[in-house]
Amino acid sequence: MLPLLIDGLFDRLSRQGAVLVSVEATQGSAPRDAGAWMAVFADELVGTIGGGQLEHQAIAAARERLGNVATHNVEVLRFALGPSLGQCCGGVVMLRFESISEGQIPVLQARWKAALAPVALFGGGHVGRALVEVLARLPFDLTWIDSREEVFPANVPPHVQCEHSDPVQAAVPTLSTGSRVVIMSFSHAEDLDIVAACLLRQRDRSDLAYIGLIGSKTKWATFRHRLEARGFSADELAQVTCPIGVPGIAGKEPEVIAVGIAAQLLQSLPAKPQNGKA
């Protein structure tokens, strides 16, 4: 689920009904996994289930149902990706057709929010701002935290939660279970306190999926020494990723750094279960 795409859907849905087409299940090779969706309006599409003839036929089937969106109808149809469909994937896709209108927005919000991975971003600097723009388009539920209340821009994506916390590390105990924590505050002292708070939480609950600290190997060597002095073991310190971002991406522009970090966060997501052999 992509948050900005969802925001666009709800904005349009507040004015016009649609048919939501979702991949319910797959067998064998398929263009998209279970959970992929598109909303079919009379004159517009939001999202995609993979394109090609499968999507073309699904759009036609959805538009046949557009006259009944006031009634919350649900139907699941089977599509074989073979010669009859003009696709050579060879798999099978089960598509769910669901009539939706403005009244279903709260249910859809709850359904899709539960599918997003929580991310806590500490730091409102140049890289933090660039990272928010990238993560807002990816399947993450983002909380943006800083000790400087005035640092947040006037316009942020509507689903991004901005949180002022002073001291900043006080926000760590309240983070959602399974959060991926990205640390890039304006101050090395704040960074150190946030890392320490994350490690204390891991010691107590072990429920953070990722702890990433921006910086060089030299910065991390200094932090390791200081954290060891605070009583953290080598095994505990091994839970911190520093430097962050996938290797091999050159460039230190904020936008380049943000893409590398976002890619690493995507790598941290669990693999989707397969419904059949590829």
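Here the structure is a predicted model, which is why all the values come from computation and not from measurement.

Definitions and cut-offs
- Residues numbered from 1 in each chain as written.
- Predicted model: local features only at pLDDT ≥ 70, side-chain atom pairs only at ≥ 80, totals over all residues.
- Heavy atoms only, no water.
- Buried < 20%, exposed > 50% of the residue type's maximum accessible area, 1.4 Å probe, protein only.
- Helix = DSSP H or I, 4+ residues; strand = E, 2+ residues; numbered from the N terminus.
- Pairing = 2+ DSSP bridges.
- Expected span 1.5 Å × (residues − 1).
- Arc of directions from axis to C-beta.
- Contact = heavy atoms within 4.5 Å.
- Core = buried A, V, L, I, M, F, W, Y, C linked by side-chain atoms within 4.5 Å.
- Axes fitted to C-alpha atoms, helices over the stretch in contact; angles between N-to-C directions.
- Phe/Tyr/Trp six-rings, centres within 6.5 Å; stacked < 30°, edge-to-face > 60°.
- Lys NZ or Arg CZ within 6 Å of the ring centre and 35° of its normal.
- Salt bridge = Lys/Arg side-chain N within 4 Å of Asp/Glu carboxyl O.

**Overview of the pairing of strand β2 (residues 37-40)**
In step 1: The alternating pattern of β2 places Trp37 and Ala39 on one face and Met38 and Val40 on the opposite face, and all of these are buried.
In step 2: Of the strand pairs in this sheet, strand β1 (residues 18-27) and β2 are connected by four bridges, and their pairing is antiparallel. Across the sheet, the residue bridging to Val21 is Met38, located in β2.
In step 3: As paired elements, β2 and strand β3 (residues 45-47) share three bridges and run antiparallel to each other. Residue pairing across strands places Ala39 opposite Val46, the latter belonging to β3.
In step 4: Between the antiparallel neighbours β2 and β3 lie four residues.

**Structural notes on helix α6 (residues 217-229)**
In step 1: Helix length check: α6, at 13 residues, gives a terminal C-alpha distance of 18 Å against a target of 18 Å (1.5 Å per residue), a fit within 8%.
In step 2: When we look at burial in α6, the residues that qualify are Lys219, Trp220, Phe223 and Leu227. Looking straight down α6, one finds its buried side chains confined to an arc of 90°; they lie on one side. Away from its buried face by more than 90 degrees, α6 exposes Lys217, Thr218, His225 and Ala229.
In step 3: Residues of α6 that are buried make contact with α5 (188-204), β10 (210-213), α7 (234-237) and β11 (240-241).

**A few points about the nonpolar core**
Soluble, globular proteins show a tendency: their nonpolar side chains are buried together.
In step 1: In terms of nonpolar packing, the biggest core is built from 26 residues, with Phe122, Ile183, Cys198, Leu199, Leu213, Trp220 and Leu227 touching the most fellow members.
In step 2: Looking at this core, the elements with two or more residues in it are β6 (117-122), β9 (180-183), α5, β10 and α6.
In step 3: At seven residues, the largest contribution of residues to this core is made by α5.
In step 4: Non-local contacts of Leu227, meaning those with residues more than four positions away in its chain, are made with Leu192, Val195, Ala196, Leu199, Trp220, Phe232 and Leu237.
In step 5: Listed in part, the 23 residues of the second largest apolar core include Ala130, Val132, Trp144 and Leu265.

**Here's the deal with unusual backbone geometry**
In step 1: For the peptide bond that leads from Asp166 to Pro167, omega is 5°, which places it in the cis range.
In step 2: Mapping Pro167 onto the fold places it in the loop between β8 (161-164) and β9.
In step 3: Note the cis peptide between Cys242 and Pro243, where omega equals 0°.
In step 4: Relative to the assigned elements, Pro243 resides in the loop between β11 and α8 (254-267).
In step 5: The phi dihedral of Ser206 falls on the positive side, at around 50°, and the residue is not glycine.
In step 6: Topologically, Ser206 is positioned in the loop between α5 and β10.
In step 7: For Ser206, a relative accessible area of 56% translates into the label exposed.

**What about the sheet that holds β3?**
Backbone hydrogen bonds hold the strands of a sheet together, and the pairing may be parallel or antiparallel.
In step 1: Sheet architecture is open: five strands sit in the order β3-β2-β1-β5-β4, paired in antiparallel fashion. Of all strands in the sheet, those bounded by a partner on one side alone are β3 and β4 (74-80). The mean inter-strand angle of the sheet, taken between neighbouring strand axes irrespective of direction, is 25°.

**What to know about the environment of Ile6**
In step 1: Within the secondary structure, Ile6 is located in helix α1 (residues 3-13).
In step 2: Once the C-alpha coordinates of Ile6 and Val46 are considered, the two residues, 40 residues apart in sequence, prove to be 8.6 Å apart.

**Remarks on the packing of aromatic side chains**
In step 1: Scanning the model with the defined rule gives four aromatic pairs in all.
In step 2: Judged by centre distance (6.0 Å) and plane angle (20°), the ring pair of Phe10 and Trp112 falls under stacked. In this pair, Phe10 sits in helix α1 while Trp112 sits in helix α3 (residues 105-113), placing the two residues 102 residues apart along the sequence.
In step 3: Joined through ring pairs, the aromatic side chains of Phe10, Trp37 and Trp112 make up one cluster.
In step 4: Sitting over the ring of Phe41, Arg12 keeps its end group 4.9 Å from the ring centre.

**A look at the side chain of Gln264**
In step 1: Among the structural elements, Gln264 can be located in helix α8.
In step 2: By relative accessible area, which is 15% here, Gln264 ends up buried.
In step 3: When sequence neighbours within four positions are dropped, the list of residues in contact with Gln264 reads Tyr210, Thr241, Ile244, Gly245 and Val246.

**Some details on the pattern of salt bridges**
Any two side chains of opposite charge can pair if their charged atoms end up close together.
In step 1: A full pass over the atoms with the stated rule returns 14 salt bridges.
In step 2: The closest approach of N and O atoms between Arg12 and Glu44, which form a salt bridge, is 1.7 Å. Of this pair, Arg12 sits in helix α1 while Glu44 sits in the loop between β2 and β3; the two residues are 32 residues apart in sequence, bridging distant segments of the chain.
In step 3: Taking the relative accessible area as the measure of exposure, Arg12 reaches 12% and is therefore buried.
In step 4: What makes Glu44 partly exposed here is its relative accessible area of 34%.
In step 5: As a salt-bridge pair, Asp141 and Lys113 come within 2.7 Å of each other at their nearest N and O atoms. Within this pair, whereas Asp141 is found in strand β7 (residues 140-146), its partner Lys113 is found in helix α3, the two being separated by 28 residues in sequence.
In step 6: For Asp141, a relative accessible area of 15% gives the class buried.
In step 7: The class for Lys113 is partly exposed, based on a relative accessible area of 43%.
In step 8: Through salt bridges with shared partners, a single network forms among Arg12, Asp43 and Glu44.

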